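Below, each chain spelled out in residue letters.
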Amino acid sequence: MTTTPRPPAAPPGLTVGGYALLTRIGEGGMGVVHLAQKPGGARVALKVLRPHIVGDDEARARLAREVGSLSRIRSPRVAEILDADPWGPVPFVATRYVPGLSLHDHVVEEGPIGGVDLLWFATCLAEALEAVHACGVLHRDIKPSNVLVGSDGIVKLVDFGIAKVSTDVRTMSQELTQSGGIVGSPLYMSAEQCSGKPLDARSDLYSLGCVMYFALTGSPPFVSESLVDIVRQHVEADSEPLPEHVSGAISNLIETAMAKQPSDRFGGAADMDAALTAAAATAREPRRLRRNARRPVLAKLNRHPRIVSAVLVAVSLAALGAYKLLNDPATELNTQLKTQKMRYLAEVAAANADAQHNADHNPSIPQCVALSQSFDQLMQARLKLAAH
């Protein structure tokens, strides 16, 4: 398993806009994102322009556009803006902090996402794009590192630095460029975005299809050492076939989203959302991603049901031994210990019942640990009494 390096701490005492910079949590070509906090306030994700481009008016204007885009959007699937000053001495924008991993890091550390989990994940992003497009905004940079998987399982779309605002997202020209090139992330850009053609909401859906492909395989749909070749493939080449175990429904969803011609894709985010929801409704497997996102340790243990079952067996045997010891007529335990015994045995019975009826056949590991600790306490008390 790959472990994400611990992010470096910011120099002590460094503040921006009244926010103390705690640690760096992300970065891009234009800015660095810090975990930051005002005295007595909540922690935020604070994007700060890099020092060498603070004097660049275009960079400040892009940050101002991000503020303008985010301020228009109200959705639980989008990290909302809390504070900003694009034209201050040190330009910044503060958004709500989402503890967790980016989709990119989640896939690298936990492995590809498939089945119902993938459908649920993509549905969250389609819902985010519904809200974004309804406000007349195109994101134009949908990619795994701009999707956050919160520790509570919530998926949020972030980074609207190159978003474009329009009164009509059905047709929009590609006006913004950076250093003479097309703005965006080539690994996930639509064919029309790669070609510098007019964009509409379906361009973001193509990128969402590419993100689904990455989440499912761990690799972008088109890979090359040449940037020009990646752009060419988006325009005219077919992606590598998906693994054979991928269902036909998921394959069709990704194929439709990634169609070369916008007219062959979903008509809008709402249409893609409906298709994803319908596919998830017909799937038979349970969804796991949200629970695992909340409990990464359990996510790893759930991959080893035999180990978990062994823990349950050990706890059950320990309970049986404790029962015999506690009812030994040679040792009369006090009332408090007997009450603890009964509570403990009830918890063991509940754990076994949950394990039998749980769809995953995996009990709560913290519960097993708690029961084991309870047994240790009982044994220690039993030995102390026996010694007297």
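The following paragraphs examine the structure supplied in this document. (Residues numbered from 1 in each chain as written. Predicted model: local features only at pLDDT ≥ 70, side-chain atom pairs only at ≥ 80, totals over all residues. Heavy atoms only, no water.)

Attention shifts here to the overall build of the protein. Secondary structure assignment for the protein yields 13 helices and 13 strands. Across the protein, every contact between residues at least 6 apart in sequence was considered, and the portion connecting residues at least 24 apart equals 62%. In the form shown here, the protein has an accessible surface area of approximately 19400 Å², with 55% of it arising from carbon and sulfur atoms. (Helix = DSSP H or I, 4+ residues; strand = E, 2+ residues; numbered from the N terminus. Contact = heavy atoms within 4.5 Å. Areas by Shrake-Rupley, 256 points an atom, 1.4 Å probe, with all protein chains shown as cover.)

In terms of nonpolar packing, the biggest core is built from 48 residues, with Leu-103, Phe-121, Met-212, Met-272 and Leu-276 touching the most fellow members. For this core, the secondary structure elements donating two or more residues are helix H2 (103-110), helix H3 (115-134), strand E9 (147-150), strand E10 (155-157), helix H5 (201-217), helix H7 (248-257) and helix H8 (269-282). Core analysis: the second largest hydrophobic core is formed by nine residues, Val-16, Leu-21, Val-44 and Phe-92 among them. (Core = buried A, V, L, I, M, F, W, Y, C linked by side-chain atoms within 4.5 Å. Buried < 20%, exposed > 50% of the residue type's maximum accessible area, 1.4 Å probe, protein only.)

Within the structure shown, the criterion is met by one aromatic pair. On the numbers, 5.9 Å between centres and 65° between planes, the contact of Tyr-19 with Phe-92 is edge-to-face. Here Tyr-19, found in strand E2 (residues 19-27), pairs with Phe-92, found in strand E6 (residues 92-96); they are 73 residues apart in sequence, far enough to count as distant. Considered together, Tyr-19 and Phe-92 belong to a single accessibility category, that of buried residues. (Phe/Tyr/Trp six-rings, centres within 6.5 Å; stacked < 30°, edge-to-face > 60°.)

Right, let's get into the layout of surface pockets. What the second largest pocket holds in volume is close to 270 Å³. For the second largest pocket, the lining is made up of 14 residues, of which Asp-238, Ser-239, Ile-254, Glu-255 and Met-258 are closest to its centre. A breakdown of the residues in the lining of the second largest pocket according to their chemical character gives eight nonpolar, two polar and four charged. (1 Å grid on protein atoms, 1.4 Å probe; cavity = no way out; pocket = protein on both sides within 12 Å on 5 of 7 lines; lining within 4 Å. Points joined across faces, edges and corners; volume = space filled by probe spheres on them. Nonpolar A, V, L, I, M, F, W, Y, C, P; charged D, E, K, R; others polar.)

We now examine the sheet that holds strand E7 (residues 100-102). Strand order across the open sheet formed by three strands is E7-E9-E10, with antiparallel pairing between neighbours. Strands with a single pairing partner mark the edges of an open sheet, and in this sheet they are E7 and E10. Neighbour-to-neighbour, the strand axes of this sheet turn through a mean angle of 25°, independent of strand direction. Pairing geometry for E7 and E9, over three bridges, is antiparallel. Across the sheet, the residue bridging to Leu-101 is Val-149, located in E9. The strands touched by H2 within the sheet are E7 and E9, with E7 carrying the most contacts at an inclination of about 100°. In the packing of H3 onto the sheet, the strands contacted are E9 and E10, and the crossing angle to E10 comes to about 40°. (Pairing = 2+ DSSP bridges. Axes fitted to C-alpha atoms, helices over the stretch in contact; angles between N-to-C directions.)

With respect to the element layout, Ser-190 can be found in the loop between strand E13 (181-182) and helix H4 (191-195). With residues up to four places along the chain from it excluded, the contact list for Ser-190 reads Leu-199, Ser-203, Tyr-206, Ser-207 and Arg-265. A distance of 3.1 Å separates a polar side-chain atom of Ser-190 from the backbone nitrogen of Gln-193. A polar contact of 2.8 Å, which involves the side chain of Ser-190, links it to the side chain of Ser-203. (Polar contact = N/O pair within 3.5 Å; in protein donor to acceptor, adjacent residues only side chain to side chain.)

Looking now at the pairing of strand E4 (residues 43-49). Every regular strand shows the same layout, with side chains that alternate between the two sheet faces. For E4, the tally of buried residues reaches six of seven residues, placing the bulk of the element in the interior. Counting the residues between successive antiparallel strands, the hairpin from strand E3 (residues 31-37) to E4 contains five residues, one of them, Gly-40, with a positive phi of roughly 75°. Of the pairings in the sheet, the one linking E4 to E6 comprises five bridges and is antiparallel in character. Paired with Leu-46 across the bridge in E6 is Ala-94.

With that settled, consider the environment of Ile-254. Residue placement: Ile-254 occurs in helix H7. Each C-alpha atom, one on Ile-254 and one on Val-211, is 9.4 Å from the other, the two residues being 43 residues apart in sequence.

In an α-helix, one turn spans 3.6 residues; hence positions three or four apart end up facing the same way. Its 14 residues place the ends of H8 20 Å apart at the C-alpha level, agreeing with the 20 Å of an ideal helix rising 1.5 Å per residue. All buried positions along H8 are accounted for by Ala-269, Met-272, Asp-273, Leu-276 and Ala-279. The buried side chains of H8 occupy one side of the element, clustering within an arc of 130° when seen end-on. Away from its buried face by more than 90 degrees, H8 exposes Ala-281 and Thr-282. Considering only its buried residues, H8 is in contact with H3, H5 and H7. (Expected span 1.5 Å × (residues − 1). Arc of directions from axis to C-beta.)

Attention now moves to the environment of Val-32. Along the chain, the position of Val-32 falls in strand E3. Considered as a pair, Val-32 and Val-48 are 16 residues apart in the sequence and their alpha carbons are 5.4 Å apart. Contacts of Val-32, omitting those with residues within four sequence positions, involve Arg-24, Gly-26, Glu-27, Leu-46, Lys-47, Val-48 and Arg-50.

Let us look at the pattern of salt bridges. Applying the stated rule across the entire model yields eight salt bridges. Its salt-bridge partner being Asp-83, residue Lys-38 comes within 3.9 Å of it at the nearest N-O pair. Here the residue Lys-38 occupies a position in the loop between E3 and E4, and Asp-83 occupies one in strand E5 (residues 81-85), the gap between them amounting to 45 residues. Classification of Lys-38 by relative accessible area gives partly exposed; the value is 33%. On the accessibility criterion, Asp-83 (23% relative accessible area) is partly exposed. Look at the salt bridges and you will find they share partners, linking Asp-229, Arg-232 and Glu-236 into a network. (Salt bridge = Lys/Arg side-chain N within 4 Å of Asp/Glu carboxyl O.)

Here H3 is 20 residues long and its end C-alpha atoms lie 29 Å apart, about the 28 Å a rise of 1.5 Å per residue gives. By the criterion of burial, H3 is predominantly enclosed, with 16 of the 20 residues buried. Positioned one or two residues after H3, Gly-136 has a phi angle of 75°, which is positive.

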